[in-house]
Amino acid sequence: MGTGAPRPPDRTGRAERDGIGLAWASYGDQHIDQHIDQHIHQGPPLLLLPTWQIIDSRFWKAQVGYLSRHHRVVTYDGRGTGASSRPRGAAAYSGQECADDVISVMDDAGLERAVLVAMSCGVAWAISAAAAHPDRVLGLVAIAPSCGLDVPAPAREAHAFEGPWAGHAGWGTYNRDYWLEGDFTGFREFFFGEMCSEPHSTKQLEDMLDWSTDTTGELLADATAGRLGCDGVLCASVEQEAAQVECPVLVVHGTDDRIRTCAVGERLAELTGGELLLLEGSGHGPLARDPVRVNLAVTDFVAKLAPRRRRRTWVRAGSRPPRALYLSSPIGLGHARRDLAVAAELRRQHPGLQIDWLTQHPVTPMLQAAGERVHPASAWLASESAHIESEAGEHDLHAFQAIRRMDSILVNNFMVFHDVVDETAYDLVVGDESWDVDHFLHENPELKRFAFAWLTDFVGWLPMPEGGAAEAALTSDYNAEMLEQRARFERVRDLSLFVGSEDDVVTDSFGPGLPGIREWTAEHYDFSGYITGLDPVDETRREELRSRLGYRPDQRICVVTVGGSGVGTSLLRRVLDAVPLARRLCPDLEFLVVTGPRIDPAGLPELPGVTLRGYLPDLPHHLAVCDLAVVQGGLTTCMELTANRRPFLYVPLRNHFEQNFHVRHRLERHRAGRLLDYETATDPEALAHAIVHGLAMDVDYRPVESDGAARAASLLARLL
């Protein structure tokens with residue numbers, strides 16, 4: 001089974017009952033979270049129940065990462081879904097069968113007692129299990145309950161589930177015959193459109209539609225008939241069972257729930273004597289659309305059930321040394337190089353400042369080598385670089401879609417951040433393209449209690465032409481959400497800093513009916529100028545540095561590098577294919593091929609005139625003195641080459657909107673480098689000639705600012 005969680009389960013199993021197998025997964029088995037507070041003890045285990053058979057357990061993906069750092073968490077695919085058995089007939093899906101599955105999974109997974117967390121239809125099964133087995137259930141969290149309570153639903157009740165389809169759209173398609181003989185896909189699109197009612201819910205809707213392709217109209221008809229008491233199936237009274245629940249209950253319900261109104265949640269809280277949390281403006285899937293609020297609601301509720309001893313220290317404000325938390329994007333090492341430069345300047349301007357870094361591999365070794373303090377909680381961050389590499393093809397990375405599909409990782413990493421700032425008082429948080437923190441702080445502005453500075457070197461999601469109208473609509477929707485967030489909660493960012501100048505911003509529009517990107521950025525951002533990781537090397541210092549790096553005076557060197565991720569392996573191989581011909585055309589040319597921290601140089605062929613190196617800490621110095629560089633289209637490396645006035649060929653990743661639009665615009669403005677498409681790079685002869693001709697490239701670049709780090713630090717220092 002797969003939950004879509006940001007990390008794999010510790011254990012998996014399969015509970016068997018009456019010939020039905022129920023696939024479960026367990027997270028957080030082997031650890032107690034010691035990274036935030038050494039006095040935290042692991043709380044009671046949580047069982048996250050399945051819901052209606054239209055989807056499997058992947059719908060918990062935004063909860064598993066966070067909850068399993070504080071509890072053991074077990075999820076399972078309900079009967080009829082995912083990796084579990086798929087029996088036929090309504091009787092197999094009665095409320096009693098599904099409630100008995102809860103206890104069967106607990107037994108097989110070794111959960112003597114647990115808190116049950118359920119959503120929608122799964123709430124009915126949790127209620128039944130809690131009523132029948134009070135000794136096994138410590139508490140119950142009911143999210144968006146749709147559980148057979150006696151609450152009118154006129155829009156739904158105007159149409160019958162059984163009998164011929166009457167030709168009605170909307171809830172009229174909630175009909176067995178329609179699912180079996182009509183357009184089951186059309187019903188799914190209607191249902192999940194109602195479920196994902198909040199604006200800008202394109203990703204959540206996409207997930208639901210994707211996951212539900214795993215079911216069929218026939219299976220869902222059986223499951224629904226069993227739940228509703230059709231085909232001779234007997235249904236217990238959920239109202240009576242709810243009144244018998246003895247454990248504490250939390251009901252969470254959105255006020256814009258179009259599947260079951262919040263009156264259902266209110267009624268359930270009344271019957272159980274439970275606490276009611278209404279989410280104003282939320283729909284039927286708050287665990288997906290408002291995951292931070294749901295995650296915190298669950299942990300706050302459980303904390304009341306089993307109070308844990310915690311030892312904490314509070315320091316009077318006047319006695320605290322100034323402290324900053326720096327978030328550096330791990331997608332490529334360029335962010336870390338510029339962040340280190342900014343941090344050094346910030347310390348010069350603000351002596352005594354303590355900086356903690358919350359980031360992940362491959363940035364962490366680089367920071368540790370520089371003597372920086374990496375926060376221990378960094379170990380709990382889910383790997384963004386690994387996800388990006390998993391999305392990549394041959395020199396191909398659809399960056400926009402890859403980031404969209406990173407949503408559960410971003411939720412997990414924001415929750416790590418939340419725990420860190422909850423435990424330690426920081427005066428300033430600096431987020432260098434920390435998309436998770438910026439987005440979820442705007443979604444949950446009440447969680448901000450520090451100065452927050454946002455750094456980026458591009459503004460605006462842009463569609464790739466191959467994506468057509470659909471991708472253009474998605475990027476426009478993402479941009480519109482960001483613009484609305486900034487207009488409504490401008491106070492979330494105390495500083496928005498663009499790493500570059502106003503002219504470095506593209507002139508495109510955010511989308512139809514939306515403002516121009518450059519005009520909006522000029523109004524809402526400060527500009528630091530470009531931030532380089534080191535001072536540019538002029539001609540008088542270049543020969544001295546070449547000698548220090550071990551180069552001969554007459555040696556001609558081409559540096560080939562593809563950044564800190566594994567996406568560039570194919571480009572390295574293409575260059576190596578071209579090396580023999582390039583050296584025949586230019587016999588004194590040698591190559592330094594730098595694979596970076598995520599590509600094993602041993603996997604590349606060894607060739608005469610080629611030196612293969614892995615991670616090279618002083619790579620910027622080698623780039624500063626090379627005779628030519630062949631690189632991807634990443635901004636940092638290209639701009640370092642521009643600042644040092646070195647000839648270079650850059651090969652943007654296919655479908656990477658930032659490299660193809662934002663970076664290319666900046667390089668063209670600086671008249672820097674020569675663009676090479678990957679199709680040319682796959683032809684060894686064409687690439688070899690491009691390399692040799694590149695050695696004679698006319699370097700007439702626009703100057704790059706040399707004081708960007710100091711200017712950025714001055715703006716940040718004001719927040720301290």
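Look up a bit, the structure's there.
Engineer: Break down the overall build of the protein chain for me, citing the residues and quoting the values.
Structural biologist: Scanning the protein chain from terminus to terminus reveals 28 helices and 21 strands. The C-alpha radius of gyration computed for the protein chain amounts to 29 Å, which stays within 12% of the reference 27 Å derived for 720 residues, consistent with globular compactness. The proportion of buried residues among the 720 residues of the protein chain is 60%. Counting contacts in the protein chain only where the partners sit at least 6 residues apart, residues at least 24 apart contribute 73% of the total.

Engineer: Can you break down the sheet that holds strand S18 (residues 610-613) residue by residue, with the values?
Structural biologist: Strand pairing in a sheet takes place through backbone hydrogen bonds and is either antiparallel or parallel in direction. Across the sheet, six strands lie side by side as S18-S17-S16-S19-S20-S21; this open sheet has parallel pairing. Whereas interior strands pair on both sides, the edge strands pair on one side only; in this sheet they are S18 and strand S21 (674-675). Inspection of the sheet shows strand S16 (residues 556-561) paired to strand S17 (residues 589-594) by six bridges, in the parallel sense. Directly across from Thr561, in S17, lies its bridge partner Val594. Against the sheet, helix H25 (residues 657-669) makes contact with strand S19 (628-632), strand S20 (648-651) and S21, and its axis sits at roughly 160° relative to S20, the strand it touches most.

Engineer: Please set out the nonpolar core residue by residue, giving values where relevant.
Structural biologist: If you look at the biggest cluster of nonpolar residues, it comprises 101 residues, and the most contacted ones within it are Trp179, Phe187 and Phe417. Of all the elements, helix H17 (residues 407-423) adds the most residues to this core, at nine residues. Discounting chain neighbours no more than four positions away, the residues touching Phe187 are Trp52, Ile54, Thr173, Tyr174, Tyr178, Trp179 and Leu220. Ranked by size, the runner-up nonpolar core spans 90 residues in total, among them Leu367, Ala451, Ala624 and Tyr678.

Engineer: Residues and numbers for the packing of helix H6 (residues 184-195) against helix H7 (residues 202-211), please.
Structural biologist: The N-to-C vectors of H6 and H7 enclose an angle of 145°; their axes lie 10 Å apart at closest approach. Considering only the axes of H6 and H7, their crossing is right-handed. Contact residues: Arg188, Glu189, Phe192, Gly193 and Met195 in H6; Leu205, Met208 and Leu209 in H7. Taken together, the residues that form the contact of H6 with H7 break down as five nonpolar, one polar and two charged.

Engineer: Give me the lowdown on unusual backbone geometry, citing residues and values where you can.
Structural biologist: Geometrically, the link from His361 to Pro362 is a cis peptide bond, its omega value of 10° lying close to zero. Considering the arrangement of structural elements, one finds Pro362 in the loop between strand S10 (354-358) and helix H14 (363-369). In this model, His395 sits at a positive phi of 50°, which is unusual for a non-glycine residue. Relative to the assigned elements, His395 resides in the loop between helix H15 (384-391) and helix H16 (399-404). Given the relative accessible area of 0%, His395 is considered buried.

Engineer: Provide a residue-level description of the packing of aromatic side chains, including the pertinent values.
Structural biologist: Inspection of every chain in the model, using the stated rule, returns 35 aromatic pairs. Summarising the aromatic geometry, the rings of Phe59 and Trp60 are spaced 4.8 Å apart at their centres and angled 35° between planes, so their arrangement reads as tilted. Of the two residues examined, Phe59 and Trp60, each falls in the buried class. Ring centres 5.8 Å apart and planes at 45° place the aromatic pair Phe414 and Phe417 in the tilted group. Of this pair, Phe414 and Phe417 both sit in helix H17, three residues apart, which is roughly one turn of that helix. As far as the burial class goes, Phe414 and Phe417 line up, both buried.

Rules and cut-offs
- Residues numbered from 1 in each chain as written.
- Predicted model: local features only at pLDDT ≥ 70, side-chain atom pairs only at ≥ 80, totals over all residues.
- Heavy atoms only, no water.
- Helix = DSSP H or I, 4+ residues; strand = E, 2+ residues; numbered from the N terminus.
- Rg over C-alpha atoms; globule rule 2.2 N^0.38 Å.
- Buried < 20%, exposed > 50% of the residue type's maximum accessible area, 1.4 Å probe, protein only.
- Contact = heavy atoms within 4.5 Å.
- Pairing = 2+ DSSP bridges.
- Axes fitted to C-alpha atoms, helices over the stretch in contact; angles between N-to-C directions.
- Core = buried A, V, L, I, M, F, W, Y, C linked by side-chain atoms within 4.5 Å.
- Left-handed = near helix turned anticlockwise from the far one by under 90°.
- Nonpolar A, V, L, I, M, F, W, Y, C, P; charged D, E, K, R; others polar.
- Phe/Tyr/Trp six-rings, centres within 6.5 Å; stacked < 30°, edge-to-face > 60°.

Geometric descriptors of this kind do not, in isolation, establish any biological role.
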